[in-house]
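Structural overview for review
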Amino acid sequence: MIIKKLQNKNWPVSRTLLEADWKLIIKGQGTVVLPSENHPFSIYLSNSRTENFSGFGLTVDENHASFYHFDKGKKTLLSNSERGTGLDPDRECLYWFSFDSFNSCLRYGKGEQRQQTTIMKYLMPKSSAELDSNWIKSIEHIHICGVNPEAKEIRVWREPVTIEPPLLILPQDAIAMEMVAKYEGTVAENLTSECQKLYANVAGKQFQLNTPDFPCFSDAIEKSIRDPQGWCYQTLRKKAEEFGKTNSNATYLRITLGMNQGESPGIPYVLEIWPSGHYSPIHNHAGANAIIKVLHGKITVRLFNMLSIAHQTPFKTVILQAGDITWITRRLNQTHQLHNEDPNSVCITIQCYLYNIEENSHYEYFDYIDNSGKEIRHFFPNSDMDFLDFKEQMKQEWQRR
Ligand SMILES: [Fe+2]
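Because the structure is a prediction, the values reported are computed rather than measured.

A few words on the overall build of the protein. Within the protein, the regular secondary structure consists of six helices and 23 strands. With respect to the three principal axes, the spread of C-alpha positions in the protein is 80 × 45 × 35 Å. Burial analysis of the protein (401 residues in total) assigns 55% to the buried set. Here the contacts in the protein between residues at least 6 apart in sequence split such that 68% fall between residues at least 24 apart. A total accessible area of about 18,900 Å² is found for the protein, and carbon and sulfur atoms account for 49% of it. Distance between charge centres in the protein, computed from 43 positive and 47 negative side chains, equals 3 Å.

Right, dumping it as structure tokens:
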């Protein structure tokens with residue numbers, strides 16, 4: 001649910017609390033996400049709109065965030081976050097407040113809404129007065145105070161933040177009970193319908209680089225990267241300034257399959273070639289869904305809670321091996337950096353993209369942090385060569401050797 005228009009609610013605003021009429025989608029649970037543009041703000045979740053409401057609140061100021069409990073209007077501090085975790089240096093930062101009556105948990109975080117971006121968590125003690133009745137499960141009213149009236153939108157999600165979503169997608173016959181219990185893998189059916197569609201296209205056993213007609217394709221690419229006469233070597237050299245100041249390691253090759261059909265940022269299927277030591281900038285994906293399959297070698301994936309000059313430390317790092325498949329949606333895994341840290345082997349991946357079906361704006365750029373680390377720029381997803389032409393080029397180079 002998106003609430004687009006905010007009223008001007010100054011801080012502190014006890015009077016305007018009563019004016020609010022926003023609700024959680026399901027009583028007793030949900031996540032509220034909002035931009036604050038550096039204004040201190042609060043979010044209160046309550047069981048009524050009267051002045052003597054009971055519920056829970058989050059306040060965020062310049063220094064830190066705080067959770068509160070309200071008992072018939074009486075306010076009690078539950079916890080404070082560490083100094084420096086309040087308002088963010090990035091004005092575009094999204095803040096979130098998760099309320100989970102089933103697990104008796106409050107969470108506060110910034111950027112993507114997931115376990116690992118949680119800044120403050122509060123577990124209500126089982127014996128506490130807060131849990132003595134069912135009133136906590138009846139909490140549904142949302143009151144938001146102090147947010148800049150020019151701010152664009154607030155989002156309310158039906159689910160609270162609970163787990164860290166698994167990154168690996170596994171076939172149904174490969175996922176075991178322990179993996180589900182430990183959140184080590186998921187099946188495509190748990191993802192968006194767009195991700196399911198993309199997965200179905202690339203997950204099959206035949207979707208491989210080295211095929212009977214050219215079993216040495218990956219070796220040919222490796223040679224072409226290392227040979228100064230090779231097409232890969234020469235094309236990579238030309239790209240050293242693609243993401244800002246010259247950096248020959250901040251390059252990779254984009255080989256596209258087919259054409260842009262108007263449903264993705266750029267051509268939907270891209271073979272990406274990562275020489276040893278090469279990496280992408282930190283970037284996002286135009287809010288699109290994506291599936292990434294490692295075809296050869298291994299790639300290090302670093303995830304970031306938002307695309308921001310102020311947030312260049314990943315909250316998660318994983319190494320994906322040949323055969324591994326991972327995913328991106330509008331809400332999760334959207335900002336990442338890929339890096340081939342294997343000194344001995346090229347990594348080759350297939351990336352495919354699809355906008356959400358309800359998405360009409362079709363923002364066409366991947367935004368990225370440039371090589372200086374100080375500026376965010378737009379990257380139009382381009383092509384270094386068509387796949388069929390590239391395969392022919394590699395065959396010819398291979399035969400000449
Ligand atoms: Fe990417």
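Having seen it, we continue.
Next up on the list: the packing of aromatic side chains. Inspection of the entire model under this criterion finds 17 aromatic pairs. Seen from their ring centres, Phe 217 and Phe 387 are 6.1 Å apart, and the 50° between their planes marks the pair as tilted. Linking Phe 217 in helix H4 (residues 217–226) with Phe 387 in helix H6 (residues 387–400), this pair joins segments that are 170 residues apart in sequence. As far as the burial class goes, Phe 217 and Phe 387 line up, both buried. Through a chain of ring-to-ring contacts, three or more aromatic side chains come together here, namely Phe 214, Phe 217, Trp 231, Phe 387 and Phe 390. Above the plane of the ring of Phe 102 lies Lys 137, whose end atom (NZ or CZ) is 4.4 Å from the centre. Over the face of the ring belonging to Trp 157 we find Arg 331, whose NZ or CZ atom lies 3.8 Å from the ring centre.

In this structure, His 283 (NE2), His 285 (NE2) and His 336 (NE2) serve as the protein donors to the iron ion, at separations of 2.1 to 2.2 Å. Within one chain, the residues donating to the iron ion are spaced in sequence as H-x1-H-x50-H. Among the residues examined, His 285 registers a relative accessible area of 1% and is labelled buried.

Criteria and cut-off values
- Residues numbered from 1 in each chain as written.
- Predicted model: local features only at pLDDT ≥ 70, side-chain atom pairs only at ≥ 80, totals over all residues.
- Heavy atoms only, no water.
- Helix = DSSP H or I, 4+ residues; strand = E, 2+ residues; numbered from the N terminus.
- Buried < 20%, exposed > 50% of the residue type's maximum accessible area, 1.4 Å probe, protein only.
- Contact = heavy atoms within 4.5 Å.
- Areas by Shrake-Rupley, 256 points an atom, 1.4 Å probe, with all protein chains shown as cover.
- Lys, Arg positive; Asp, Glu negative; His and termini not counted.
- Charge placed at Lys NZ, Arg CZ, Asp CG, Glu CD.
- Phe/Tyr/Trp six-rings, centres within 6.5 Å; stacked < 30°, edge-to-face > 60°.
- Lys NZ or Arg CZ within 6 Å of the ring centre and 35° of its normal.
- Donors = N, O, S within 2.8 Å, 3.2 Å for Na, K, Ca; no water.

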